[in-house]
Amino acid sequence: MRLWPEWLETTPPATLGESTLPISSQPYNTPARTDIPAFTGDRPVILVTLGTVVEDLPLLRTAVQAVLDAGADALVTTGFAATPADLGAVTDPTRVRAVSFAPIAQLLDHAQAVLAAGGSGTTLATLSRGLPLAFIPKIANQPLVASLVTTFGAALTIDTPDSLPAAIPALLTTPSLRDRATAAQSLLAERPSPATTWTALRSRLG
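Residues numbered from 1 in each chain as written. Predicted model: local features only at pLDDT ≥ 70, side-chain atom pairs only at ≥ 80, totals over all residues. Heavy atoms only, no water.

The name that an unreviewed UniProt entry assigns to the protein is UDP:flavonoid glycosyltransferase YjiC (YdhE family), with the source organism given as Catenuloplanes nepalensis.

1. A short note on the packing of aromatic side chains
Here the structure, examined in full by the defined rule, presents 1 aromatic pair. Their ring planes at 45° and their centres at 5.2 Å tell us that Trp7 and Phe152 sit as a pair that is tilted. In this pair, Trp7 is assigned in the segment before β1 (45-49) and Phe152 in helix α4 (residues 142-152), connecting sequence segments 145 residues apart. By relative accessible area, Phe152 is classed as buried at 11%. Here the guanidinium or amino end of Arg180 rests over the ring plane of Phe152, the centre of that ring lying 4.1 Å away. (Phe/Tyr/Trp six-rings, centres within 6.5 Å; stacked < 30°, edge-to-face > 60°. Helix = DSSP H or I, 4+ residues; strand = E, 2+ residues; numbered from the N terminus. Buried < 20%, exposed > 50% of the residue type's maximum accessible area, 1.4 Å probe, protein only. Lys NZ or Arg CZ within 6 Å of the ring centre and 35° of its normal.)

2. Description of the sheet that holds strand β5 (residues 133-135)
Taken together, the 6 strands give an open sheet; going across it, the order is β3-β2-β1-β4-β5-β6, and neighbouring strands pair in parallel fashion. The sheet is open, and its two edges are formed by β3 (96-99) and β6 (155-157), each paired on a single side. Here the average twist between neighbouring strands, direction ignored, is 15°. Here 4 bridges tie strand β2 (residues 73-77) to β3, and the two strands are oriented parallel to one another. Note that in β3 the partner of Ala74 across the bridge is Val96. Of the strands in this sheet, β1, β4 (113-116) and β5 touch helix α3 (residues 120-128), which is tilted by about 160° from β5. (Pairing = 2+ DSSP bridges. Axes fitted to C-alpha atoms, helices over the stretch in contact; angles between N-to-C directions. Contact = heavy atoms within 4.5 Å.)

3. Some words on the pairing of β1
The buried fraction of β1 is high, at 5 of 5 residues. Every second residue of β1 is oriented toward a common face, with Val45, Leu47 and Thr49 on one face and Ile46 and Val48 on the other, all of them buried. As paired elements, β1 and β2 share 5 bridges and run parallel to each other. Residue Thr49 lies in a different strand from β2, and its bridge partner there is Thr77. As a crossover connection, the stretch from β1 through helix α1 (residues 57-69) into β2 is right-handed. Taken together, the 4 bridges between β1 and β4 define a ladder with parallel strand orientation. Each bridged residue has a counterpart across the sheet, and for Leu47 the counterpart in β4 is Val114. (Right-handed = clockwise from strand over helix to strand, strands pointing away.)

Right under this line is the structure:
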């Protein structure tokens, strides 16, 4: 089964072949609702999520401050290795809401854009909602994911923390980023549902 779409490759394969079945991605969710503190006011909200294990707390704090400086509120996941208290002082803590973990579907309900490390699950979930991204890739396949989505036009890639203050306003105000994220949402919606793909697989297996 092919979860990562071929149109997010720099060199799409000529054919997927009969042995490959595409499948749609769905943002992870649970029946139970996570208590995500609500924001007040009408500022845009940027989800800041750098992974389930956040070891670079200075980077996380810098990212949150860049969001606030850009005039947005920050919804932050601190992962399982840190706590919301580890964010430290920011210029306006009333504009920051933090949780250790919550299903990505519920987090995206509150966001207008996403600042992420570049995990494929978070990326596809965000694009399925038509939201633009800014990436701060660091490990594993994060740089590759960031490059592919940036080439598609739905994201920005931030090379260093010093670039954050300029990148976050662009994330909020560049129409082409949201247009391409909307295009990605439409393309993802065309992919077969897990139930459809499972039926097709069972049919092939006889």
